[in-house]
Amino acid sequence: MKDVHFDTSTVHAAGHSGVKSVSKVKPIYQTSAFTFSSLDDLEDYFRGKNDYLYTRMNNPNQDDFAKGVAELEQAPAGVVTSSGISAIMVGILAVVQAGDHILACEDLYGGTYTLLSEELKTFGIETTFVSFEDMDEVEKQIQPNTKLIYSESVTNPLLRVENLEGIVSLAKKHGITSMIDNTFATPFVLQPYTLGIDIVVHSATKYLNGHGDVTAGAVVGREDLIAKAQAKMGHLGCNLGPFDAWLASRGLKTLSVRMERHVSNAQELADQLQDTKGIKKVYYPEHVSEKGNGAIVTIELDENSDVHTFFKSLDWVKIVPTLAGVETTVSYPLGTSHRSLPAEVCEKLGINKNVIRISVGIEDKSDICKVFKYAAEQALVSNQNL
Ligand SMILES: *Cc1c(COP(=O)(O)O)cnc(C)c1O
């Protein structure tokens, strides 16, 4: 800049130089807004000729991640948000409004349960929670104002595999929109959109990013619905920050290799824990897809095992109230993810004080198995000594 004072120069000197070379990795557009050289240029944005205006509405890094997730789910469009919960919220609000009714499965992620039963309720949106084991029973709960049917492809923490074909045919028959949380399965294992589900949602905090350093969400699916979700995202201000979007895009690149290892480790652990003393039950799906059965293994300790000793005996495995990192971690559903679910629902589902959810990492299989077998043994022994 010429003919300006030093104080003006300091503000403008750096940050505006263009780059002709194309960078291998998409740069981080760490900016709250975009510049326009004329009013025509600004009008061009609203005519759809310029891409970006304001980061709350859209940003190249958000778009990059959204396109990536949509492509992996084989869906035509996607939008990303600040968290899995905000993704679920904008996905739902793209479909329902005050006076409408949602039919949801009863064994939902606790945060989703709270969103539906508390927050959306105050917006005048009612939800009925039912068991999705029997689709005929689900059909009986459909009301004239039911607009959305909502479930998870593989449920948390007991890993029930949802009957997606059943949901699709029920939704089509009654003209209801279907929405599936595909966080646990990931598009590596399952792509609900290809089966006819209208909206697929993710806590990208989990496998899509995969490194436990970002909180993010993604909604992909039918173009008309995603356009609405994108508008809600901007209006409600739950946009994903550019750096977090950039990190999540980086994480997404390794989804396949991570999942391959996660899934094969989980299968091995589930098999080995089946006949480990001190473990009453192993929850691991028998068949989700030909790509495998996911990377979460949930166990229930014997009644006479001490759950505290189990957790204390886990050596390098940490207690972490999340999942899907490259590190193997454990969580305690009753104390964290399912704390907000009514006690009678937890009891009915079988989420009791001896249930432990294992997020199987990408370490060496035999090391992982060894840790859990040892802890199960210790938990049993310690209790017998009491
Ligand atoms: C973690 C999780 C969520 C919520 O995602 P956040 O990123 O924590 O907001 C939703 N659904 C499932 C299945 C989850 O595991």
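Residues numbered from 1 in each chain as written. Predicted model: local features only at pLDDT ≥ 70, side-chain atom pairs only at ≥ 80, totals over all residues. Heavy atoms only, no water.

As for the sheet that holds strand 3 (residues 126–130)
- An order of 1-7-6-5-4-2-3 is seen for the seven strands of this open sheet, with the pairing classed as mixed. Among the strands making up the open sheet, the edge pair consists of strand 1 (77–81) and strand 3. Between one strand axis and the next, the sheet turns through 20 degrees on average, direction left out of account.
- In this structure, strand 6 (residues 199–203) lies alongside strand 7 (residues 217–221), joined through five bridges in antiparallel fashion. (Pairing = 2+ DSSP bridges. Helix = DSSP H or I, 4+ residues; strand = E, 2+ residues; numbered from the N terminus. Axes fitted to C-alpha atoms, helices over the stretch in contact; angles between N-to-C directions.)

Focus: the site of the ligand
- Near the ligand, the surroundings consist of 13 residues, among which Gly 84, Asp 181, Ser 203, Thr 205 and Lys 206 are the closest.
- Within the contact set of the ligand, a nitrogen atom lies 2.6 Å away from a side-chain nitrogen or oxygen of Asp 181.
- A distance of 2.6 Å separates an oxygen atom of the ligand from a polar side-chain atom of Thr 205.
- Notes on the ligand: free accessible area 380 Å², of which the protein chains cover 91%.
- It is helix 4 (residues 84–93) that provides the largest number of residues to the shell around the ligand, a total of three residues.
- Partitioned by chemical class, the residues of the shell around the ligand number six nonpolar, five polar and two charged. (Near = heavy atom within 4 Å. Polar contact = N/O pair within 3.5 Å; in protein donor to acceptor, adjacent residues only side chain to side chain. Areas by Shrake-Rupley, 256 points an atom, 1.4 Å probe, with all protein chains shown as cover. Nonpolar A, V, L, I, M, F, W, Y, C, P; charged D, E, K, R; others polar.)

A closer look at the pattern of salt bridges
- For the coordinates displayed, the defined rule picks out 11 salt bridges.
- For the salt bridge of Lys 147 with Asp 100, the shortest nitrogen-to-oxygen distance reads 3.0 Å. Residue Lys 147 is found in strand 4 (residues 146–152), and its partner Asp 100 is found in the loop between helix 4 and strand 2 (101–105); the two are separated by 47 residues along the sequence.
- Owing to a relative accessible area of 36%, Lys 147 belongs among the partly exposed residues under this scheme.
- Accessibility expressed as a relative area gives 7% for Asp 100, which makes it buried.
- The salt bridge partner of Asp 198 is Arg 222, with a shortest N-O separation of 3.5 Å. Note that Asp 198 is positioned in the loop between helix 8 (186–189) and strand 6 and Arg 222 in the loop between strand 7 and helix 9 (223–236), a separation of 24 residues in sequence.
- The class for Asp 198 is buried, based on a relative accessible area of 12%. (Salt bridge = Lys/Arg side-chain N within 4 Å of Asp/Glu carboxyl O. Buried < 20%, exposed > 50% of the residue type's maximum accessible area, 1.4 Å probe, protein only.)

In short, shape yes, function no, at least from these values alone.
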